[in-house]
Amino acid sequence: MNLPNIIRPEHTFIGVSAPTKWRALQTVADKAAKAFSVDGQIILKALEAREKLGSTGIGNGIAIPHAAIDGMTSPRGLLLRFAQPLDFEAIDDIPTDIAFVLLFGENNRGEYLNVLSAIARRLQSDGALAAMRKARTVDEFYSDFIADSRV
């Protein structure tokens, strides 16, 4: 899985401000709408519906909000670091500071699962998450995540 094809440098953000998980979903929906030329309200409704099924906060300060979006032909994503950690209702109760937002078409569910797996593998890499949290610029943040992820 070649993560740079899914999450691109121009779709990476640090210092994203949101007071709550629900406002964070609205913010990322707006960013995704601009990035992928999809209606932001469609994205927001899909992300909220998915979140109501169960938290996408996977623990260790990470969340992976995701949803199927009509018309998307391949999985696409955003990478964000919040200005202040948010309560994403993760199983370990650790507030979320990093989010991977994944959007995919209904016909891409299999590929989407491969993307999730690739992200999980990357985050298990020694020091990747620590480096991402220390990054001072968007370029550093993105590079720390993408490094050695082209497997």
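Here the structure is shown first, and the text comes after it.
Predicted, not measured: the structure shown is a model, and the values here were computed from it.

Reading the values: the criteria
- Residues numbered from 1 in each chain as written.
- Predicted model: local features only at pLDDT ≥ 70, side-chain atom pairs only at ≥ 80, totals over all residues.
- Heavy atoms only, no water.
- Helix = DSSP H or I, 4+ residues; strand = E, 2+ residues; numbered from the N terminus.
- Buried < 20%, exposed > 50% of the residue type's maximum accessible area, 1.4 Å probe, protein only.
- Contact = heavy atoms within 4.5 Å.
- Polar contact = N/O pair within 3.5 Å; in protein donor to acceptor, adjacent residues only side chain to side chain.
- Arc of directions from axis to C-beta.

With that out of the way, let us pick up the overall build of the protein. Across its full length, the protein holds 6 helices and 6 strands. Listing each helix as α and each strand as β along the protein from the N terminus yields α-β-α-α-β-β-β-β-β-α-α-α. Taking all 151 residues of the protein together, the buried fraction comes to 48%. The contacts of the protein with a sequence gap of at least 6 include a subset with a gap of at least 24, amounting to 71%.

Moving on, we get to the side chain of His-66. You can see His-66 is positioned in strand 4 (residues 66–68). Separated by 3.1 Å, the side chains of His-66 and Arg-50 make a polar contact. Here Ile-64 takes part through its backbone oxygen, which lies 2.6 Å from a polar atom of the side chain of His-66. Sequence-distant contacts of His-66, defined by excluding residues within four places in its chain, comprise Leu-47, Arg-50, Thr-56, Leu-102, Phe-104 and Tyr-112.

What follows covers helix 6 (residues 138–146). Every buried residue of helix 6 is listed here: Phe-141, Tyr-142, Phe-145 and Ile-146. What you see down the axis of helix 6 is that its buried residues fit within an arc of 120 degrees, all on one side. Taken together, the buried residues of helix 6 touch helix 1 (3–6), strand 1 (7–16), strand 5 (76–86), strand 6 (96–104), helix 4 (109–124) and helix 5 (128–134).

Everything listed is a geometric property; what it means functionally is a separate question.
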